[in-house]
Amino acid sequence: AVSPKPRHLLSIASLSPAELGYLVDRASHYRHLIKTDSFSIEAERLTLLGHTIALLFSKRSTRTRVSSEVAINYLGGHPMFLGKEDIQLGVNESLYDTSRVISSMTSGIVARVGPHSDIVGLSAASSVPVINALCDTYHPLQAIADILTIKESFKNLPGLKLAWVGDANNVLNDLATACAMSGINVSVATPSAYPVNSSVFANVRETASVSGVTIEVGHDPLAAVKHADVIVTDTWISMGQESEKQLRLQQFAGFQVTSQLANKGGAKNTWKFMHCLPRKPLEVSDEVFYSDRSLVFDEAENRLYAMLAALDGFVVKQGELE
Ligand code: CP
Ligand code: NVA
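Conventions adopted
- Residues numbered from 1 in each chain as written.
- Chains lettered and ligands numbered in written order.
- Predicted model: local features only at pLDDT ≥ 70, side-chain atom pairs only at ≥ 80, totals over all residues.
- UniProt positions renumbered as here; feature names shortened; annotations may be inferred.
- Helix = DSSP H or I, 4+ residues; strand = E, 2+ residues; numbered from the N terminus.
- Buried ≥ 20, exposed ≤ 12 C-beta atoms within 10 Å, placed from the backbone.
- Contact = placed C-beta atoms within 7 Å.
- Core = buried A, V, L, I, M, F, W, Y, C linked by C-beta atoms within 7 Å.
- Domains from an automatic or database assignment.
- Near = placed C-beta within 6 Å.
- Nonpolar A, V, L, I, M, F, W, Y, C, P; charged D, E, K, R; others polar.
- Pairing = 2+ DSSP bridges.
- Right-handed = clockwise from strand over helix to strand, strands pointing away.
- Expected span 1.5 Å × (residues − 1).
- Arc of directions from axis to C-beta.

Under the annotation held in an unreviewed UniProt entry, the protein carries the name ornithine carbamoyltransferase and is attributed to Lipomyces starkeyi NRRL Y-11557. Here the protein is described in UniProt, under the heading Sequence similarities (unreviewed entry), as follows: "Belongs to the aspartate/ornithine carbamoyltransferase superfamily. OTCase family." A UniProt comment under Pathway (unreviewed entry) is attached to the protein, and it reads "Amino-acid biosynthesis; L-arginine biosynthesis; L-arginine from L-ornithine and carbamoyl phosphate: step 1/3."

Given below as structure tokens:
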């Protein structure tokens, strides 16, 4: 089904809090079906039968690619992977022309790009829904999976405190937005050379003023983790920032997540650790990463259920999230 004006999933901020809640609940529903081996008998099992979804990836991926292909397969559709070496985009063809052509033959586009403007351009020219599979500013599928992961671990979201210790990046932007929508207090510590995105956080604060949560932004990891229920980080060097590696390593000194940091800063005894992966030991010690506190592998698996929810919500239901 192709609607004249498709609804896209470009960032969490393009959802209402109720719509985010719907997608998280749907993801939880898919999780249950798959875990209990009862997906095959569900009505939604073949809702993408005969449909092709283009996976347009200009950057590497493990989780997003695997979860996309597996989710599309669960729904009976065909995933068509188009890596940057495979197609004319960027070498012989513009983003606009590529989007017009791909969307004329497929039912949806899952796209991983560099600049946010690319996902905006792609979606503007597309006649089918575009799902952002990561750009330099947002990573909505990760945030849906992360809220699901927190919900499974803590049951009730309102009143929790999530501390982000690390880079002010794409994963933080959508996660902070999703937390503000879900009643989770957020405390961020980034190196002073890497402050949070001011327009994204203006939006986060506006959402927080409605939901009644606190948003703290600073540069002190110890202060950030105080009373935290969840401590989250991500790589210090995102894809596309490889040339800044040496400088970043210096500026992130003291930002590694360790038990010592959590203890000294006064995180709750029951604190949990999250990381979207891929992970390097720089940003979190092995002792935390592989501990019982670590939710990282559930979080990674939850990407599958988040992708099922996103495909169902945006491609099958065409953005009618209710
Ligand atoms: N978390 C995440 O998006 O991982 P990939 O880059 O492997 O897809
Ligand atoms: N911030 C990281 C996330 C990878 C999933 C990056 O953009 O490379």
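There's plenty left to go through after this.
Right, let's get into the overall build of the protein. Looking only at helices and strands, the protein has 12 helices and nine strands in total. For the protein, the proportion of its 322 residues judged to be buried stands at 50%. Sequence-distant contacts, at least 24 apart, represent 77% of the contacts inside the protein between residues at least 6 apart.

What follows concerns the nonpolar core. Grouped together as the largest cluster of nonpolar side chains are 101 residues, with contacts concentrated most on Ile144, Ile231 and Ala310. Per-element tally for this core: the top contributor is helix 12 (residues 296–316), with 12 residues. Residue assignment places this core across two domains, with domain 1 (12–138 + 302–316) and domain 2 (142–300) each supplying three or more. Setting aside its immediate chain neighbours within four residues, isoleucine 231 contacts Ala163, Val165, Val225, Val257, Ala262, Ala267, Trp271 and Phe273.

Taken together, Leu134, Asn169, Asn170, Val171, Asp234, Thr235, Ser238, Met239 and Cys276 form the complete shell of residues around ligand 2. Here the residues of the shell around ligand 2 are counted per class, giving four nonpolar, four polar and one charged.

Within strand 5 (residues 161–165), five of the five residues are buried, leaving the element largely enclosed by the surrounding structure. Of the two faces of strand 5, the one carrying Lys161, Ala163 and Val165 and the one carrying Leu162 and Trp164 are both buried. Here strand 5 runs beside strand 6 (residues 185–189); their pairing, made up of five bridges, is parallel. Residue pairing across strands places lysine 161 opposite asparagine 185, the latter belonging to strand 6. This β-α-β element, strand 5 to helix 6 (residues 170–182) to strand 6, shows right-handed connectivity.

Moving on: the domain arrangement of the protein. Split by domain assignment, the protein resolves into domain 1 (12–138 + 302–316) and domain 2 (142–300). Centre-to-centre separation of domain 1 and domain 2, based on C-alpha positions: 25 Å. On the side of domain 2, 24 residues touch domain 1, which itself brings 24 residues to the contact. Within the residue set of the side of domain 1 that touches domain 2, elements represented by two or more residues are helix 1 (17–35) and helix 12.

As paired elements, strand 1 (residues 52–57) and strand 2 (residues 78–83) share six bridges and run parallel to each other. Across the sheet, residue isoleucine 53 finds its bridge partner in strand 2, namely proline 79.

Taking 1.5 Å of rise per residue, the 12 residues of helix 2 (residues 63–74) would be expected to cover 16 Å, and the 16 Å separating its terminal C-alpha atoms lies within 8% of that figure. Arg63, Thr64, Ser67, Ser68, Ala71, Ile72 and Tyr74 are the residues of helix 2 that are buried. Along the axis of helix 2, the buried residues cluster in a sector spanning 150°; they form a single face. Buried residues belonging to helix 2 abut strand 1, strand 2, strand 3 (108–112), helix 5 (140–154) and helix 12. Immediately downstream of helix 2, the backbone of glycine 76 shows phi near 85°, a positive value.

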